[in-house]
Structure formats: structure tokens, C-alpha cells
Amino acid sequence: MRMNQDERRFDFHVLGLAIKQAREERGWTQACLAELVGKIDRTIMRIENKGQHPSFNLFFQLVTMFDISVDQFFYTEGHRGEDSCRKSIDVMLNTMNEKELVVMKATAEGLKKARETEVSAAAPVGAGRAPPAHSTPRPGFGLTWPEMSASLCSLY
């Protein structure tokens, strides 16, 4: 008797691109990486450019060497849980350099501050207090802060 088998196919093109980006950030050639993991450079080239499925051992070596999140390979769009937005953001953060991470941190801090402003602005408007500015669109964005936050997550 045959057990139900999962018929999903995993697309490793994204893994290949993440490996290539991480390798290039370190200034390594495909030949150098191949030597480090005990493979030939053609194997690395096929993984990076064609999305060839690596063996489990090679997959493990590469994702741990470059600290690449693997959620995106196992939790595809149709099978993701409630935290898929958080997982997508985590995957993107893992591919960013230090300067890009500083920008993301500042953006997150700005969103947090805007949310705190919303909470404090929800209190009744006192005498002489202007209505909260956060409910009006920000110049250049055309969205309120809650709309912007929601739209950022919907992109992923």
C-alpha cells in the first residue's frame, strides 16, 4: 500500500540566486565555493543559474555557510502559515547588506513610532489639541500609516 505523497515541486532558482549573491558579496568565485564544499565549479554554476536541486548535504552546507533562510523553499505560497509576511521579510533581510539593514531598521522604527502616535491620538482630542495628522496621507505616499503598513506586507 502506498502512502499519500506530497506532489509539490520545489523551485530552487531563488536559492541559487541567494547563493550567488552571498558568494559574490564575499568576493568568492564559483570555483572557490566549489572547493570549499567539495564539489566542482560546474555544480555551483548549475545551482546558481539553473536552480538545480542540490543534495541535502550540499543544501545544508550552502544555507548554513551563507546563513540563508530556508522557509521560502519549504513553505511555498499555497502552504504558508499565518506569519508568511514575517517569513518573507526575514528572507529578504537575510540577503541585505549592512547599509540596507540600517535603512530597514529606520523604516521599522518609523512605523513603530507612527503606530504609537496613532494609539495616543485615539484618546479624545483635548482643548486646543489638533486632530491627529497620521490619518491624512503623507506627502509623496498618498497613504495613511495604517494603509502603508498593510500595503508593505501585501507586496510579499
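As the structure is a prediction and not an experimental result, all values here were calculated from the model.

## Focus on helix α4 (residues 56-65)
- Taken as a whole, α4 has its buried residues at Leu58, Phe59, Leu62 and Val63. Take α4 and look down its axis: the buried residues cluster within an arc of 120 degrees, on one side only. When the buried face of α4 is taken as reference, the exposed residues oriented beyond 90 degrees from it are Phe56 and Asn57.
- Phi turns positive one or two residues past the end of α4, at Asp67, with a value near 55 degrees.

## Here's the deal with the nonpolar core
- Within the largest apolar cluster, 16 residues are counted, with the highest numbers of intra-cluster contacts made by Leu15, Ile19, Leu33, Val37, Leu62, Phe66 and Ile68.
- Contacts of Leu62, omitting those with residues within four sequence positions, involve Ile19, Leu33, Val37 and Ile47.

## So, the confidence of the model for the protein
- With 60% of its residues at a pLDDT of at least 70, the protein reaches an overall mean of 75.
- The spread of mean pLDDT over the elements of the protein runs between helix α8 (residues 145-154), the lowest at 55, and helix α2 (residues 30-37), the highest at 94.
- This model gives residues 133-141 a pLDDT under 50, and the stretch forms 14 contacts once residues within four places in sequence are excluded.

## As for the side chain of Ser69
- When you line up the elements, Ser69 lands in the loop between α4 and α5 (71-74).
- With sequence-adjacent residues up to four places away left out, Ser69 is seen in contact with Asp90, Val91 and Asn94.

## Some thoughts on helix α3 (residues 41-50)
- For α3, every residue scored as buried is listed here: Thr43, Ile44, Ile47 and Glu48. Relative to the axis of α3, the buried residues are bounded by an arc of 125 degrees and lie together on one face.
- Positive backbone phi, at 70 degrees, marks Gly51, one or two positions downstream of α3.

Procedures and definitions
Throughout, a residue's number is its position along its own chain's written sequence, starting from 1. In keeping with the predicted nature of the model, local features appear solely for residues at pLDDT of at least 70, side-chain atom pairs appear and are counted solely at 80 or more, and the whole-chain, interface and lining totals rest on all residues. Excluding hydrogens and water, the side-chain figures rest on all heavy atoms present in the structure. When a residue's accessible area, from a 1.4 Å probe over protein chains only, is under 20% of the maximum for its type it is buried; when over 50% it is exposed; and in between it is partly exposed. Comment: elements are numbered from the N terminus, with helices defined as DSSP H or I runs of at least four residues and strands as E runs of at least two. By definition, the arc is the one covered by directions from the helix axis to the C-beta atoms. What is meant by a nonpolar core is a set of buried Ala, Val, Leu, Ile, Met, Phe, Trp, Tyr and Cys residues, joined one to another through side-chain atoms within 4.5 Å. Contacts are residue-level and defined by heavy atoms, with any inter-residue pair within 4.5 Å sufficient. A score from 0 to 100, pLDDT tells how confident the predictor is in each residue.

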